[in-house]
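Structural features, examined
This is what each chain is made of:
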Amino acid sequence: MMDIRFEDVSFGRDGRDVLVIPSLHIRADRSTAILGPNGSGKTTLLRLIAALERPSRGRVLVGGEVADTRRRSVSIAFQKEVFLRRSLLENLVLGLTMRGSDRGEARDRAMQALRLLEIDRLAGRRVDQISGGEGRRASLARALCLHAPVMLLDEPMAGLDGTTYSRLLDALPGLVGHSGATVVVVTHNAEEAFRLCDDIVIVVNGRVRTAGAKHHIATNPMFRDVAEVLGYTVLSAAGRLLAIPEGALRLATGPTQLSAIVDTVLHVVHEWDVIATIGATRVHLGVPRSQVPPQSGHGIYLTARVMYDVS
């Protein structure tokens with residue numbers, strides 16, 4: 001494991017700053033998610049750690065040394081799979097032999113990684129003949145089998161859906177822990193960040209807005225843009241700007257600070273989905289099927305199980 005530090009870093013492209021990070025410490029003994037909207041600079045941050053890009057100013061340190069000198073200490077699973085037109089096993093073995101492993105050791109380590117990702121049956125199949133979900137697992141297997149002290153995962157769940165997504169989301173935390181590496185995961189999905197990692201770094205418009213343990217970030221959003229990245233509903237009520245986590249709203253039995261007008265009520269099998277507006281903000285709340293739902297156009301009062309003040 002290796003600590004990662006950003007010191008007075010900026011990265012520019014086409015005359016503008018894409019990323020500005022005065023200071024950031026990614027701890028060696030924790031897995032860290034880089035969370036933010038598309039285009040916020042998350043992948044650029046990852047590429048700076050991997051020394052695939054160089055900062056315009058400042059330095060990125062991996063294990064106390066400038067990232068350029070630590071290339072062999074870093075493995076990366078790109079968002080888009082990059083493989084040669086060979087078998088899956090040959091692709092993994094090639095990456096290992098290029099880093100100094102003999103073929104016997106490389107084959108053993110590659111097969112072990114493929115078994116961990118449950119795709120060892122595909123070892124002899126050419127990579128252009130596997131599915132998208134299998135390709136994501138193959139990319140992770142390649143990163144795992146390198147046994148690098150730092151492992152970078154760029155949107156590891158991208159392009160997956162249904163059962164494949166659920167199974168990999170369940171399996172990936174264990175795989176990350178098994179790696180023994182400093183793991184950094186880029187994602188735009190807050191649920192993935194909380195499921196996969198110990199720490200969260202939120203990046204918006206090329207700036208780090210907050211960083212820390214995931215429980216602290218989730219319960220202290222502080223800023224509107226941070227709350228929105230976390231998937232919270234942000235609204236104004238009684239002179240306060242409030243951030244409300246998904247699923248926290250409930251119907252109230254009497255007047256509260258949250259009053260809404262019902263727009264639509266949808267039957268979604270196990271509950272009623274009540275869609276309402278509080279001021280100019282649309283909200284959803286689930287009402288049990290056993291309960292009579294409010295009528296469209298009616299006013300209702302709401303309470304929130306959890307809510308946070310933001311600015």
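See above for the structure.
As the structure is a computational prediction, the values presented were derived from the model and not from experiment.

**Here we look at the overall build of the chain**
In terms of helices and strands, the chain carries 8 helices and 18 strands. For the C-alpha atoms alone, the extent of the chain along its principal axes is close to 70 × 45 × 35 Å. The buried share of the chain, reckoned over its 311 residues, is 47%. Here the analysis covers contacts within the chain between residues at least 6 apart in sequence; of these, 63% occur between residues at least 24 apart. If you sum the accessible surface of the chain, you get close to 15,100 Å²; carbon and sulfur atoms cover 47% of it.

**Side note on unusual backbone geometry**
We note that Ala 51 has phi near 60 degrees; this positive angle belongs to a residue other than glycine. Looking at the element boundaries, Ala 51 is found in the loop between α1 (42-49) and β4 (57-62). With relative accessibility at 3%, the residue Ala 51 sits in the buried group. Not every positive phi belongs to a glycine, and Asn 205 is a case in point at roughly 50 degrees. Among the structural elements, Asn 205 can be located in the loop between β9 (199-204) and β10 (207-213). Under the relative-accessibility criterion, Asn 205 is labelled exposed at 64%.

**Considerations on the pattern of salt bridges**
One pass over the full model with this rule turns up 19 salt bridges. Put simply, Arg 13, Arg 47 and Glu 53 are held in one network by salt bridges that share partners.

**Thoughts on the environment of Gly 63**
Note on placement: Gly 63 falls in the loop between β4 and β5 (65-66). Leaving out residues up to four positions away in the same chain, Gly 63 has contacts with Met 2, Asp 3 and Arg 70.

**Here's the deal with the sheet that holds strand β17 (residues 299-304)**
What the 5 strands build is an open sheet, ordered β13-β17-β14-β15-β16; its pairing is antiparallel. Edge positions in the sheet fall to β13 (249-251) and β16 (281-288), since each has one partner strand and no second. Sheet twist, expressed as the mean angle between neighbouring strand axes with direction ignored, is 50 degrees. Note: strand β14 (residues 258-267) against strand β15 (residues 271-278), 6 bridges, orientation antiparallel. The partner of Leu 266 across the bridge, within β15, is Asp 273.

Rules used in this analysis
- Residues numbered from 1 in each chain as written.
- Predicted model: local features only at pLDDT ≥ 70, side-chain atom pairs only at ≥ 80, totals over all residues.
- Heavy atoms only, no water.
- Helix = DSSP H or I, 4+ residues; strand = E, 2+ residues; numbered from the N terminus.
- Buried < 20%, exposed > 50% of the residue type's maximum accessible area, 1.4 Å probe, protein only.
- Contact = heavy atoms within 4.5 Å.
- Areas by Shrake-Rupley, 256 points an atom, 1.4 Å probe, with all protein chains shown as cover.
- Salt bridge = Lys/Arg side-chain N within 4 Å of Asp/Glu carboxyl O.
- Pairing = 2+ DSSP bridges.
- Axes fitted to C-alpha atoms, helices over the stretch in contact; angles between N-to-C directions.

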